[in-house]
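Coordinate analysis (summary)
Here is how the chains run, residue by residue.
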Amino acid sequence: ASHSLLQALKANKPAFGAWLTLPGLFHARTVAQASPHLSWIAIDCEHGLISLVPGAAESIAGIQGVRPNGAGPSPIVRVSATGIAVSSSWQIKNALDAGARGIIAPMISTAAQAKQIVADSRFPPAGRRGFGSPFTHGLWGMETSAEYLDTVNDSVLVMVQIETKEGVENVREIAQVDGVDVLFIGPYDLSISLGYPKPSPDPHPDVESIIQKILQASHASGKKCAIFCTSGTQAAIRAKEGFDIINVTSDTGSMSEGISSQLSIALGN
Ligand code: 3PY
């Protein structure tokens, strides 16, 4: 069971994506059809205004309507769990049952927390994910739920966010956790957790050197490394540096930018 993001990672190509913070099937579809070069779209149920149920499912349907059977951008759900294992289980279950091809778990600070996230994301024996949704296999273009159960453990991407001081201290252990596919750097939370101002748009040089260490720690353990950017310029630099998964822009960010730049052209500014 493959999908665009998994294919880009297997081919060692930088996988560029976009961030959704607003709900709605047609909103998600508009973003998904913006470019055939989008490998993934994050549906943000942490800070975005998208509910896990039914919001994430609607966004996934919108994204998947653009190109059938996993050929379009892979829908990835960022759950709102903050590394607290007990509360993350149901969020991950809802996100994956809604058809997500991967999850992003924010604020992971220890290897133990990362292990819980992996366990919640995989069916036994690899993990403890429960089985039973009558909808998910169809969203993956499969005929039966048995096929979904038998094949998705290796296709669902588990991404943990490194964005706390404690997460940085434990990054090597977190990177070594079996089943963690991606370490995802959140430059904003990382900066404020370390006592620096938020990136504007680039992180403080001290934070930047920690970002590079997280990149190295990920690759040293054979894991992929992702980072959140807010522009194509930043994203291109991150791709050159060796990041594997790169957010380029968000729905709200590019809408505001697009409207304000068109308006200034109209006003002759
Ligand atoms: C951060 O930069 O803190 C993120 O998690 C990206 O939204």
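Everything here concerns the structure above.
Residues numbered from 1 in each chain as written. Predicted model: local features only at pLDDT ≥ 70, side-chain atom pairs only at ≥ 80, totals over all residues. Heavy atoms only, no water.

Some remarks on the overall build of the protein
The helix and strand tally for the protein stands at 13 helices and eight strands. Over its C-alpha atoms the protein spans a radius of gyration of 18 Å, differing by no more than 12% from the 18 Å that the globule rule assigns to 269 residues. Evaluated residue by residue, the protein yields a buried proportion of 50% over its 269 residues. Considering only contacts in the protein between residues 6 or more positions apart, those separated by 24 or more positions represent 68%. Taking the average location of the 19 positive side-chain charges in the protein and that of its 23 negative ones, the two points are 3 Å from each other. (Helix = DSSP H or I, 4+ residues; strand = E, 2+ residues; numbered from the N terminus. Rg over C-alpha atoms; globule rule 2.2 N^0.38 Å. Buried < 20%, exposed > 50% of the residue type's maximum accessible area, 1.4 Å probe, protein only. Contact = heavy atoms within 4.5 Å. Lys, Arg positive; Asp, Glu negative; His and termini not counted. Charge placed at Lys NZ, Arg CZ, Asp CG, Glu CD.)

Some thoughts on the sheet that holds strand E6 (residues 182-185)
Spatial strand order, E1-E2-E3-E4-E5-E6-E7-E8: eight strands in a closed barrel with parallel pairing. Direction aside, the axes of adjacent strands within the sheet are offset by 25° on average. When strand E1 (residues 15-20) meets strand E8 (residues 245-250), the two strands line up parallel, connected through five bridges. Its bridge partner being in E8, phenylalanine 16 is matched across the sheet by isoleucine 246. With respect to the sheet, helix H2 (residues 25-32) is in contact with E1 and strand E2 (40-44), its orientation differing from that of E1 by roughly 155°. Helix-sheet contacts for helix H12 (residues 232-241) involve E1, strand E7 (224-228) and E8, and the interaxial angle to E8 is about 180°. (Pairing = 2+ DSSP bridges. Axes fitted to C-alpha atoms, helices over the stretch in contact; angles between N-to-C directions.)

Function cannot be read off these values alone, since they describe shape.
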